[in-house]
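# Structural description and commentary
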Amino acid sequence: RNVVVDPVMVSSSGTPLSDKGTAAAVRKKLLPLCTLVTPNITEAGVLTGLPVRNRAEMEEAALALVDFGCKNVIITGGHLDKIALDVLYTGDFHYLRSRKTEGDYHGTGCFFSAALTALLARGCAVPEAARIAKKFMKKAFKTTFRPGEGMHLFGI
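Time to look at the overall build of the protein. Within the protein, the regular secondary structure consists of five helices and five strands. Element order for the protein, N to C, with α for helix and β for strand: β-α-β-α-α-β-β-β-α-α. Expressed as a percentage of the 156 residues in the protein, the buried residues total 40%. Total accessible area computed for the protein in this model is approximately 8600 Å², and 55% of it derives from carbon and sulfur atoms.

Looking now at the side chain of K134. Following the sequence through the fold, K134 ends up in helix α5 (residues 126–141). A polar atom in the side chain of K134 sits 3.0 Å from the side chain of D86. When near neighbours in sequence (up to four residues on either side) are disregarded, K134 contacts A84, D86, L96, R97, S98 and F112.

What follows covers the nonpolar core. The biggest cluster of nonpolar side chains holds 22 residues, and the ones touching the most others in it are L31, V37, L65, C70, V73 and I75. Elements with a contribution of two residues or more to this core: α1 (22–30), α2 (41–48), α3 (55–67), β3 (72–75) and β4 (83–89). If you tally residues by element for this core, the top one is α3, at four residues. When neighbours within four sequence positions are excluded, V37 is seen to be in contact with V5, P7, L31, C70, N72, V73 and I74. Counting 16 residues, the second largest nonpolar core, distinct from the first, contains V4, I74, L120 and V126.

Under the definition given, this model contains three salt bridges. With a closest N to O distance of 2.6 Å, R53 and E57 form a salt bridge. According to the relative accessible area criterion, R53 is exposed, its value standing at 57%. Classification of E57 by relative accessible area gives buried; the value is 13%. Salt-bridge contacts for K134 lead to D86; the nearest nitrogen and oxygen are separated by 3.0 Å. Of this pair, K134 sits in helix α5 while D86 sits in strand β4; the two residues are 48 residues apart in sequence, bridging distant segments of the chain.

A cluster of basic residues, R131, K135, K138, K139 and K142, forms a positive patch on the protein surface. Locating K142 in the fold gives a position in the segment after α5. For K142, a relative accessible area of 70% puts it in the exposed group.

Okay, the pairing of β4 next. Where burial is concerned, most of β4 is hidden: six out of the seven residues are buried. Note: β3 against β4, three bridges, orientation antiparallel. Residue pairing in the sheet places I75 in a bridge with V87 of β4.

Cut-offs applied
Residues numbered from 1 in each chain as written. Predicted model: local features only at pLDDT ≥ 70, side-chain atom pairs only at ≥ 80, totals over all residues. Heavy atoms only, no water. Helix = DSSP H or I, 4+ residues; strand = E, 2+ residues; numbered from the N terminus. Buried < 20%, exposed > 50% of the residue type's maximum accessible area, 1.4 Å probe, protein only. Areas by Shrake-Rupley, 256 points an atom, 1.4 Å probe, with all protein chains shown as cover. Polar contact = N/O pair within 3.5 Å; in protein donor to acceptor, adjacent residues only side chain to side chain. Contact = heavy atoms within 4.5 Å. Core = buried A, V, L, I, M, F, W, Y, C linked by side-chain atoms within 4.5 Å. Salt bridge = Lys/Arg side-chain N within 4 Å of Asp/Glu carboxyl O. Patch = residues over 30% accessible without salt bridge, like charges linked within 9 Å, V, L, I, M, F, W, Y side chains within 5 Å. Lys, Arg positive; Asp, Glu negative; His and termini not counted. Charge placed at Lys NZ, Arg CZ, Asp CG, Glu CD. Pairing = 2+ DSSP bridges.

Here's what the structure looks like:
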């Protein structure tokens, strides 16, 4: 009933994590089944073929993703300059803003989509789940640690 798809196709550093056929398979096989898809701006661009660099382009990409059959879309904008703006589309647009946490973090999209999945399973509506998950992430960033020279990891 509550299928959340986090299309992990591009790392936060820009490294491709899938082959060229993955985007087409996600569009055709997974998006029509999902309650919510949670791409970052780079993944939204890969899935839609559109440039996604700002709020207007995030909105355009969200509408394109809904056209592929998913019910709700949240494009995470932690890779935008100066602000972490997430654009949620549920038939209407909702905007979730927070101050951007500087640094490199491993697993933010996975962590966020897992929180959304748990909240939907508890019965939250998508907009409410998105707001709570965004607040959860703000707290989670305070628990990160950096082993050695690598990216920060979540300590929860």
